[in-house]
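The lines below spell out each chain.
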Protein chains: 4
Amino acid sequence: METKVRIGLIGAGRIGKLHGENLAHAVPSVDLVAVADPFMNDATRAWAEGMGIQSCYEDPEKVFSDPLIDAVFICSSTNTHAEFIMRAAKAGKHIFCEKPIDTNLDKIREALAAVEQAGVKLQVGFVRRFDHNHKMVHDTVASGRLGKPHIVKVTSRDPDHQPMDYIKVSGGIFMDMTIHDFDMVRYLAGSEVTEVTAYGAALSGAGYDQYGDVDTAIIMMKFENGALGVIDNSRAAHYGYDQRTEVHCDKGCVQVANDLNDQAMISTGDGVEIAKPTWFFLERYNNAFIAEAVAFADAILKNTDTPVGGKDGLMPVMIAMAADTSLREGRPVKLSEIV
Amino acid sequence: METKVRIGLIGAGRIGKLHGENLAHAVPSVDLVAVADPFMNDATRAWAEGMGIQSCYEDPEKVFSDPLIDAVFICSSTNTHAEFIMRAAKAGKHIFCEKPIDTNLDKIREALAAVEQAGVKLQVGFVRRFDHNHKMVHDTVASGRLGKPHIVKVTSRDPDHQPMDYIKVSGGIFMDMTIHDFDMVRYLAGSEVTEVTAYGAALSGAGYDQYGDVDTAIIMMKFENGALGVIDNSRAAHYGYDQRTEVHCDKGCVQVANDLNDQAMISTGDGVEIAKPTWFFLERYNNAFIAEAVAFADAILKNTDTPVGGKDGLMPVMIAMAADTSLREGRPVKLSEIV
Amino acid sequence: METKVRIGLIGAGRIGKLHGENLAHAVPSVDLVAVADPFMNDATRAWAEGMGIQSCYEDPEKVFSDPLIDAVFICSSTNTHAEFIMRAAKAGKHIFCEKPIDTNLDKIREALAAVEQAGVKLQVGFVRRFDHNHKMVHDTVASGRLGKPHIVKVTSRDPDHQPMDYIKVSGGIFMDMTIHDFDMVRYLAGSEVTEVTAYGAALSGAGYDQYGDVDTAIIMMKFENGALGVIDNSRAAHYGYDQRTEVHCDKGCVQVANDLNDQAMISTGDGVEIAKPTWFFLERYNNAFIAEAVAFADAILKNTDTPVGGKDGLMPVMIAMAADTSLREGRPVKLSEIV
Amino acid sequence: METKVRIGLIGAGRIGKLHGENLAHAVPSVDLVAVADPFMNDATRAWAEGMGIQSCYEDPEKVFSDPLIDAVFICSSTNTHAEFIMRAAKAGKHIFCEKPIDTNLDKIREALAAVEQAGVKLQVGFVRRFDHNHKMVHDTVASGRLGKPHIVKVTSRDPDHQPMDYIKVSGGIFMDMTIHDFDMVRYLAGSEVTEVTAYGAALSGAGYDQYGDVDTAIIMMKFENGALGVIDNSRAAHYGYDQRTEVHCDKGCVQVANDLNDQAMISTGDGVEIAKPTWFFLERYNNAFIAEAVAFADAILKNTDTPVGGKDGLMPVMIAMAADTSLREGRPVKLSEIV
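The structure contained in this document is the topic of the report that follows. Values in this document were obtained by computation on a predicted structure and should not be read as measured data.

**Thoughts on the overall build of chain A**
A tally of helices and strands in chain A yields 11 helices and 15 strands. In terms of overall size, chain A behaves like a compact globule, its C-alpha atoms giving a radius of gyration of 20 Å where 339 residues would be expected to give roughly 20 Å. Along the first, second and third principal axes, the C-alpha atoms of chain A reach 55 × 55 × 50 Å. Across the 339 residues that make up chain A, the buried fraction comes to 62%. Pairs at least 24 residues apart make up 71% of the contacts formed inside chain A by residues separated by at least 6 positions. Side chains of chain A give 33 positive and 47 negative charges; the mean places of these two sets differ by 4 Å.

If you want it as structure tokens, here you go:
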């Protein structure tokens, strides 16, 4: 590799700093040269200095207009994603954007059109595709050695409740949490979802029903290739981050269990204990965050398609909308209804 | 225990012989004294002699009318179950009946009414409740230590296709195969199903669609206690009998993996192999068949309720009918619609 | 199979009854026709009747002299084994004898000579060879697919202490407990032990040292084929019967974990629990006891060698003696020293 | 934390670069400011620049004499360790030294005396103590919840043969490979080894016997606290890096399995595959290398003892010598013989 991708980071909140640290320390093919955040302050400047970032701005335009910057990581709040994509595209920057692009289909389509017109690359942050476990399921199915997929299963449970203040503005479980799983089933099935039926309930007593939301859900789906799928969700597993995937095919089944904190087994007269699953996404998907950044840089340096493109940003939002309609109306909803 | 339950066996086909051998060899609290089968022949007589059975008949009435017989095991073809239950009840015999009682709700109800009127005990052969694994899931949930159930999951896949001649007359996947899973979800949830939505497809190419049947299905359900449930089925797993259950609750999750043929791990440069799941129900549920017979005898000797009673025989048939309607009509179906 | 092996049982203690029940109920190729026990009483007669055994004797000679009996199961106390083998052999009966044949090499050799002279078959009760797990290790090694064995490992721990009254007369840990493991390493290595070095200690505080015995031991050994071996023993694992075997070979490794009570995993915020290993030999080796009886009957009916013959009865006793010498003298002991 | 530990790296070979990258990227509490290597070249200078290291030297004295440097990482060849420890100690630098300190006891003792006289901190690179799995075994034993340790077991197998050119000068399996395991058993037992007996053989055909070395070994040991231990080694597991530890105690057992490449299970009619163990120490102990560097920095910043001190550097070498004597002389060797 002759050169490195010079990157500007847009947004230095929790997920922005996570990407920033990976880009600075764990992705040899990039240089992280600038960060912009409307709430730029001394703490963020100190963090940036520790990361070796040369320039700190409040105004993202400083990044978009810097001719030495090749690509941006958009890690700002969701409501700014579509606009920043368009501004970055217009400026000719390649774009990594955290999920979701937006919760409005028209805004997503407008952003994707801008990307296409500009001819820049776009990668959407569906990080779980880069997890060693889920990728193994995908690769096994995609290899064809098990024949065609019949049943695609995803178990996805967060370790504990988010604050109700967050839930109030989260957009609902399907748009906030299951959206990752909607991406995952498309990835594993290698096919588009055509219909969903969603069941949901607020069972925990934590108060989701106050906001018309649920904490427990099961969503069935049909795929274009004939396969059937199912996702089960809980907002609070308590024992850790429960992230299992499975595809049953013509000739057999591939499934992955959770990564555990360790491989210990303690056996006494009282019983046998093993380790809990890793606690949450930072622990579970740490290497996947690095891998997705490496993949983005590779796509730029080798001028190939990014592994998670514009359509991958659009479809999960549409499926989430269909699931929401299904839950509210108590009926199967075809994706063709979502416009 | 002062005395033994004297048992007559009705039907000496595959499942009848399986029960007969367990009753003769593995259930100390019973005496198997007679067998009736319309196709009684020398081979069956020889088998009966080997089991120490004194009397062999063609006519089941000989069993029903024998005053020394306390109870019958009805293992004849499904279309005779309801009638034999009524005749046995009228004769004052306690009744173990293989599943399903019938596929017609009125006939089931008539049979159950006869049982109630006669005051005899009835146990229906949902054997999986007696499996050490599924029972552990049930007992953990029922103990209340995990709080209320939120998500009930059953994976149930047969090892390989049945002959199409069988499929043609099987009554369809829900009545023939999933009926066990419908019993299982009621058992695990500790609550009745109120609504189901079923997806199904014929994906294997083995010909199920010729008979309006499917080989792959996912069924979601709601329970009275608020929990949600899901079953996934395949007619042909190929790697063995895949029978996993899981209940996610307020405070955590209990799940069971498959019993394997052995605990071996073979590691080489080419990869790591472990054993396959046990092949089919004979291998997997052998001890459960014994345990259900012991439980039936215990209920008689101690004059307690049988663990799987008349309602347990009725409800899975109703759920199967609802699932079938859902699949055909493409909509959620409430159990209250099934009359 | 045209005919059955008619068997007489010598000794109706715990292990005798265990064999008797298997022979009566689970081994179709035999008829258990007689039992002899010097302490014959009503309880044993009732048990025998329940098993369908026709004749109950105090004097084993009644069994040895019955011309209709083909074979005997010698399950009496160890100090009678050698004599009963000789009497049975002289009477032309095939012999299954519980382990060990004797703890005196000359008496073993005398018994084996009598067997050879009489031309009857002898099988020694090293039941673990018939366990599905250990057999899988053996068969994998014996198949040659992993190349030659390099390291043979056995972990063997009893669930809890035996009464000190038993320990006092047990002959010591090597002769009483490790003798099974000495048979196992020969079986797995496919080669004879040439040297052992034993470490042992009384660490539990249960009082083994009062009798010059140990509760904890590690024994290394060399095999004729060059492989090295190691056994670790504890008298009290507390969590169950810990019985693991492993062979590391030229091209890889085969190992078996314990059979567990069930396949459940219970996950909560407090931790993750799985099932304990099965408690003791009755639970763990139940099917192996049946399989060894089937194999004995097969060897008679097909006139083939028994799978565990006279030399297999002799060698573990010699290895146990070498281990005992090694522990007492603090040095490696060659098997050639044991005469 | 107010300040950072300024570190100079001595030796920029494979293990030096590994430590350098961790110090530069993954240990926030240090600044890696200099590197010295007698073979300093453009490639190493470029690597150093990428790591943000300011100074590159051929002569380590430049590092020892730099008053701004607080501590050194000695990653040079083993024969230089003792001398560099002494020079660093004299210069008042804290010292992290890769294992082993030396293979000559007098040189080790001389180096340790210099460290003690200078009052600087010394940590020896027994990295496995910082692995999440082995640490869990240690912490469980050290907590006392299982009572006293009875049996300490280590399985340690490298994935494949080293080149014979390396084996020729490696010092033999015990000093080169088992030395890590000798440290591990001391760490897990919480007690010193008092005696060892070693068995070894060259079984692979790769040629170890040409150099008087072995490729397969089993070593038993006794500990001061009464516990017994055993290590089994192979130079070539082929399926990956097999690193399992286990301690059986008064009240139960704690054991760890290998970390695997992923948690996938692929089930077909042909069998069931799971992932292989991670390949070698870079994959398996990556996080442990970071953790040991963090622990070293912490000890300096908080002025506490390092977790792996001088005695921990000395004892494994003595045990390795005892094992070597045992193998050559065919007898148990007490540690008190090694002087």
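**Remarks on the relation of the copies chain D and chain C**
Both copies of the chain are tied together by a single rotation about an axis and a shift running along it. Aligned on chain C, chain D shows an RMSD of 0.0 Å; the corresponding rotation is 180° and the shift along the axis is 0.0 Å. Accordingly, the operation relating the two chain copies is best matched by a two-fold axis. Taking the C-alpha atom as reference, chain D places R331 of chain D closest to the rotation axis, 3.0 Å from it. Of the residues that chain D buries at the interface, 100% are likewise interface residues in chain C, meaning the two copies contact each other through the same surface.

**What about the interface of chain D and chain C?**
Opposite the 45 residues of chain D that make contact, chain C presents 45 residues. For the pair chain D and chain C, the summed buried area comes to about 3200 Å², and 64% of that belongs to carbon and sulfur atoms. Looking at the side of chain D facing chain C, the largest losses of area belong to Y199, L203 and M220 of chain D, adding up to 23% of the total buried there. Where chain D touches chain C, the interface holds six salt bridges. The shortest N-O distance in the salt bridge between D232 of chain D and K153 of chain C comes to 2.7 Å. On the surface where chain D and chain C come into contact, there are 18 residue pairs in polar contact (both at pLDDT 80 or more). Its residues assigned to classes, the side of chain D that touches chain C shows 19 nonpolar, 15 polar and 11 charged.

**Brief notes about the relation of the copies chain B and chain A**
Least-squares fitting of chain B to chain A yields an RMSD of 0.0 Å, with the transformation described by 0.0 Å of translation along the axis and a rotation of 180°. Most of the interface of chain B is mirrored in chain A: 100% of its interface residues are interface residues there too.

**A word on the interface of chain B and chain A**
Listed per partner, the contact involves 45 residues of chain B and 45 residues of chain A. Counting each side, the surface lost to burial between chain B and chain A is near 3200 Å², with a carbon and sulfur contribution of 64%. Contact with chain A buries surface across chain B, with Y199, L203 and M220 of chain B losing the most and accounting together for 24% of the total. Linking chain B to chain A there are six salt bridges. Linking E246 of chain A and R157 of chain B is a salt bridge whose minimum nitrogen-to-oxygen distance equals 2.8 Å. In this structure, the connection of chain B to chain A is made through 18 residue pairs in polar contact (both at pLDDT 80 or more). Elements with a contribution of two residues or more to the side of chain B that touches chain A: β7 (149–157), β8 (193–201), β9 (216–223), β10 (228–234), β11 (242–249) and β12 (252–256) of chain B.

**A look at the environment of G226 of chain C**
Tracing the chain through its elements places G226 of chain C in the loop between β9 (216–223) and β10 (228–234). As a C-alpha pair, G226 of chain C and H134 of chain C span 92 residues in sequence and 21 Å in three-dimensional space. Apart from the residues within four sequence positions on either side, G226 of chain C is in contact with A201 and L203 of chain D.

**Re the sheet that holds strand β4 (residues 71–74) of chain B**
Residue and element names in this part refer to chain B. Taken together, six strands build an open sheet; the order of strands is β3-β2-β1-β4-β5-β6 and the sheet is parallel. Bordering the open sheet on either side are β3 (55–57) and β6 (122–124), each of which pairs with just one other strand. When the angles between neighbouring strand axes are averaged without regard to direction, this sheet yields 20°. Pairing of strand β1 (residues 5–10) with β4 involves four bridges; the strand directions are parallel. Paired with I10 across the strands is I74, a residue of β4. Running over the sheet, helix α4 (residues 78–90) touches β1, β4, β5 (94–97) and β6 and is turned about 165° from β5.

**Side note on the packing of aromatic side chains**
As enumerated under the stated definition, the model contains 36 aromatic pairs over all chains in all. When the ring of F73 of chain C is compared with that of F296 of chain C, the centres are 5.5 Å apart and the planes differ by 80°; the resulting orientation is edge-to-face. Of this pair, F73 of chain C sits in strand β4 (residues 71–74) while F296 of chain C is found in helix α10 (residues 286–301), placing the two residues 223 residues apart along the sequence. No difference in accessibility class separates F73 of chain C from F296 of chain C, as the two residues are buried. By way of ring pairs, the aromatic residues Y241, F280, F281, Y285 and F289 of chain A are connected into one cluster. The positively charged end of K17 of chain A is found above the aromatic ring belonging to W47 of chain A, 5.8 Å away from the centroid.

**Regarding the state of the cysteines**
Residue and element names in this part refer to chain D. Inspection of the entire model under this criterion finds zero disulfides over all chains. Free of any disulfide, C97 has its nearest cysteine sulfur in C75, 8.0 Å distant. Given a relative accessible area of 0%, C97 falls into the buried group.

**A closer look at the environment of N261 of chain D**
Along the polypeptide, N261 of chain D turns up in the loop between β12 (252–256) and β13 (264–268). With 129 residues separating them along the chain, N261 of chain D and H132 of chain D place their C-alpha atoms 16 Å apart.

**Structural notes on α10 of chain C**
For α10 of chain C, spanning 16 residues, the distance from its first C-alpha to its last is 23 Å, which sits close to the expected 22 Å at 1.5 Å a residue. Within α10 of chain C, burial applies to A288, F289, I290, E292, A293, A295, F296, A297, A299 and I300 of chain C.

Criteria and thresholds
Residues numbered from 1 in each chain as written. Chains lettered and ligands numbered in written order. Predicted model: local features only at pLDDT ≥ 70, side-chain atom pairs only at ≥ 80, totals over all residues. Heavy atoms only, no water. Helix = DSSP H or I, 4+ residues; strand = E, 2+ residues; numbered from the N terminus. Rg over C-alpha atoms; globule rule 2.2 N^0.38 Å. Buried < 20%, exposed > 50% of the residue type's maximum accessible area, 1.4 Å probe, protein only. Contact = heavy atoms within 4.5 Å. Lys, Arg positive; Asp, Glu negative; His and termini not counted. Charge placed at Lys NZ, Arg CZ, Asp CG, Glu CD. Least-squares fit on C-alpha atoms with pLDDT ≥ 70 in both. Buried area = accessible area lost by both parts, 1.4 Å probe. Salt bridge = Lys/Arg side-chain N within 4 Å of Asp/Glu carboxyl O. Polar contact = N/O pair within 3.5 Å; in protein donor to acceptor, adjacent residues only side chain to side chain. Nonpolar A, V, L, I, M, F, W, Y, C, P; charged D, E, K, R; others polar. Pairing = 2+ DSSP bridges. Axes fitted to C-alpha atoms, helices over the stretch in contact; angles between N-to-C directions. Phe/Tyr/Trp six-rings, centres within 6.5 Å; stacked < 30°, edge-to-face > 60°. Lys NZ or Arg CZ within 6 Å of the ring centre and 35° of its normal. Disulfide = S-S within 2.5 Å. Expected span 1.5 Å × (residues − 1).

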